[in-house]
Amino acid sequence: MKVPLSSLSLSALERTYAFEAIETGWISGTGSFIRAFEEELARRIERRHVVAVSSGTTAVELALLGLGIGAGDEVVVPALTFVAPAAMVRAVGATPVFADLDPATWTLDPAHVGRLITERTRAILTVDVLGHPCDYDRLAAFGLPIVEDAAQAHGARYKGRAAGSFGAVSTLSFHANKTIATGEGGCVGTDDEALHERMRLIANHGMTPERPYWHPVLGRNFRMTNVTAAIGLGQVQRWDELVEARRAVAAAYDERLRDLPLTRRPVAPWATEACWLYTVSHPHRARLLDELRGAGIDARAIWTDLPSLPPYRPFVREECPVARRVSETSMWLPTWSFMEEETIDRVAGALNSVLKGIAEPAGT
Ligand SMILES: *Cc1c(COP(=O)(O)O)cnc(C)c1O
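Every value quoted in this text rests on a predicted model; they were computed, and no experiment measured them.

Draft legend 1. Seen up close, the site of the ligand. Near the ligand there are 15 residues, and of these Thr57, Asp149, Gln152, Ser173 and Lys178 occur at the shortest range. Asp149 has a polar side-chain atom sitting 2.7 Å from a nitrogen atom of the ligand. One of the side-chain nitrogen or oxygen atoms of Gln152 is found 2.7 Å away from an oxygen atom of the ligand. Protein burial of the ligand: of its 370 Å² of free accessible surface, 93% is covered by the chains. Considered class by class, the residues forming the shell around the ligand number five nonpolar, eight polar and two charged.

The structure is reproduced here in structure tokens:
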């Protein structure tokens, strides 16, 4: 049996709600499950307002549009993350400015961010990379709007506050491989009433709710469907269960891999990590991945650092050596909520035997 990189946990609750949404005939971007999902999410990410949207990517685009960011503006983004936040900075016509990671957190290095700020900087796009919150006190001190991309950080905390509660706007993704999953889906959260109204307007063709086919602003269609929100409501009602189950998997990996020559993703003392994908580093990553793949285990190399990707090369201002090093040496181990003990044992066992082989020089 193959071990996938990730897997879903969908319960009877999600099935019941989704079926109910279909039976009512409300299957597009209007319906009672959308509001219910938004309200439950707002509670979880400690926000006054949440707008559910079609993906984590459109959520970032909506956040940037809501803040009025566009051509001529610069947005600081981390040099290592999933590509979507940087892509959306380009999509609205702004310039991504890549900041390196702090080696102690693998999130934005506030000192490097400080050196990159110019009079054109309009926002800092903070990604809670792999479920670890950024150092928000230090980043907020720059006095710029923050867009928190918490797509990988459902259930993480910074000094006790929920990931998704920071900055002018925060975004989540509910892609099938995220901790809370609807298949495709996302949301924006804010405490600012006017910004909330603006984002709701833009997400729905820029059309005022009071007057049909009156579009005071340029809009998009970023709506989430009621069926998707029904699945989401079931998932979000299981938030603690799903988050804690992943923490238990991380703890099980920690215990089994403790004595192996692998470097685990670091965690700052002020951070409560939410394990999205369990991540380790090793100088012989390619060999480890090959052998794990041979054993039917879908471990994967982490993302390529964004400054190395063709569409972003023209925007590279300064080298980001930490992001480069993490990108070249790190890998994800299979991780999902309720991953079975035997499966964790199997992955740890395979790593153990590969690493033994690496430790013994050939020919002895
Ligand atoms: C997954 C992810 C996204 C994109 O979410 P989709 O729902 O797949 O569009 C955006 N940002 C980060 C940091 C992500 O991990």
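Draft legend 2. Structural detail: the environment of Gly185. Along the polypeptide, Gly185 turns up in the loop between β8 (169–173) and β9 (186–190). Under the relative-accessibility criterion, Gly185 is labelled buried at 2%. In this structure, the C-alpha to C-alpha distance between Gly185 and Asp290, residues 105 residues apart in sequence, is 33 Å.

Draft legend 3. A look at the packing of helix α3 (residues 56–66) against helix α4 (residues 84–91). Where α3 meets α4, the axes come as close as 9 Å, and the angle between the chain directions of the two elements is 45 degrees. By the angle between their axes, α3 is oblique relative to α4. Where α3 crosses over α4, the handedness of that crossing is right-handed. Facing Thr57, Val60, Glu61 and Leu64 of α3, the residues of α4 in contact are Ala84, Pro85, Met88 and Val89. Across the contact of α3 with α4, the residue classes break down as six nonpolar, one polar and one charged.

Draft legend 4. The sheet that holds strand β11 (residues 271–272), seen in detail. Judged by pairing direction, the sheet is antiparallel, and its three strands sit side by side in the order β7-β6-β11 without closing on themselves. Strands at the two margins of the open sheet, each flanked by one partner only, are β7 (161–162) and β11. As defined by bridge partners, strand β6 (residues 157–158) adjoins β7 across two bridges and the pair is classed as antiparallel. Paired with Arg157 across the bridge in β7 is Ala162.

Draft legend 5. Structural context of the packing of aromatic side chains. For the coordinates displayed, the defined rule picks out 10 aromatic pairs. Every member of this aromatic cluster is reached through a ring pair, and the members are Tyr136, Tyr158, Phe166 and Trp270. The lysine or arginine in question, Arg211, covers the ring of Trp214, its NZ or CZ lying 4.2 Å from the ring centre.

Draft legend 6. Broad picture of the sheet that holds strand β13 (residues 300–301). Read from one edge of the open sheet, four strands run β10-β12-β14-β13, paired in antiparallel fashion. Strands at the two margins of the open sheet, each flanked by one partner only, are β10 (263–264) and β13. Pairing geometry for β13 and strand β14 (residues 330–333), over two bridges, is antiparallel. The partner of Arg300 across the bridge, within β14, is Trp332. Helix-sheet contacts for helix α10 (residues 285–294) involve β13 and β14, and the interaxial angle to β14 is about 25 degrees.

Draft legend 7. Main features of the pattern of salt bridges. All told, the structure shown has 21 salt bridges when counted by the stated rule. Across the pair Arg47 and Asp191 runs a salt bridge whose closest N-O atoms are separated by 3.1 Å. One end of the pair, Arg47, is in the loop between α2 (32–44) and β1 (49–53); the other, Asp191, is in the loop between β9 and α7 (193–203), with 144 residues separating them in the sequence. On the accessibility criterion, Arg47 (7% relative accessible area) is buried. In this structure, Glu291 engages Arg287 in a salt bridge whose closest nitrogen and oxygen atoms are separated by 3.2 Å.

Draft legend 8. Just the packing of α10 against helix α12 (residues 341–359), in detail. For the pair α10 and α12, interaxial distance at closest approach is 10 Å and the crossing angle is 130 degrees. In this view, α10 runs oblique relative to α12, as classed from their interaxial angle. Here α10 runs over α12; the crossing is right-handed. Each of Arg287, Leu288, Glu291 and Leu292 in α10 lies in contact with α12, whose residues at this interface are Val347, Ala350, Leu351, Val354, Leu355, Gly357 and Ile358. When its residues are assigned to classes, the contact of α10 with α12 shows eight nonpolar, one polar and two charged.

Draft legend 9. Inspection of α2 at higher detail. The end-to-end C-alpha separation of α2 is 19 Å, in line with the 18 Å expected for 13 residues at 1.5 Å each. Along α2, the residues classified as buried are Phe33, Ile34, Phe37, Glu38, Glu40, Leu41, Ala42 and Arg44. Two residues or fewer after α2 comes Glu46, characterised by a positive phi angle close to 55 degrees.

Draft legend 10. Representation of the pairing of β8 in the model. Burial analysis of β8 places five of its five residues in the buried class, the great majority of the element. Burial along β8 is two-sided: Val169, Thr171 and Ser173 facing one way and Ser170 and Leu172 facing the other are all buried. Bridge analysis of strand β5 (residues 146–149) against β8 gives three bridges, and the strand direction is parallel. Within β8, the residue paired with Asp149 across the bridge is Thr171. The sheet contact formed by β8 and β9 spans four bridges and is antiparallel. Residue pairing in the sheet places Ser173 in a bridge with Gly186 of β9.

Conventions adopted
Residues numbered from 1 in each chain as written. Predicted model: local features only at pLDDT ≥ 70, side-chain atom pairs only at ≥ 80, totals over all residues. Heavy atoms only, no water. Near = heavy atom within 4 Å. Polar contact = N/O pair within 3.5 Å; in protein donor to acceptor, adjacent residues only side chain to side chain. Areas by Shrake-Rupley, 256 points an atom, 1.4 Å probe, with all protein chains shown as cover. Nonpolar A, V, L, I, M, F, W, Y, C, P; charged D, E, K, R; others polar. Helix = DSSP H or I, 4+ residues; strand = E, 2+ residues; numbered from the N terminus. Buried < 20%, exposed > 50% of the residue type's maximum accessible area, 1.4 Å probe, protein only. Axes fitted to C-alpha atoms, helices over the stretch in contact; angles between N-to-C directions. Parallel < 35°, antiparallel > 145°, perpendicular 65-115°, else oblique. Left-handed = near helix turned anticlockwise from the far one by under 90°. Contact = heavy atoms within 4.5 Å. Pairing = 2+ DSSP bridges. Phe/Tyr/Trp six-rings, centres within 6.5 Å; stacked < 30°, edge-to-face > 60°. Lys NZ or Arg CZ within 6 Å of the ring centre and 35° of its normal. Salt bridge = Lys/Arg side-chain N within 4 Å of Asp/Glu carboxyl O. Expected span 1.5 Å × (residues − 1).

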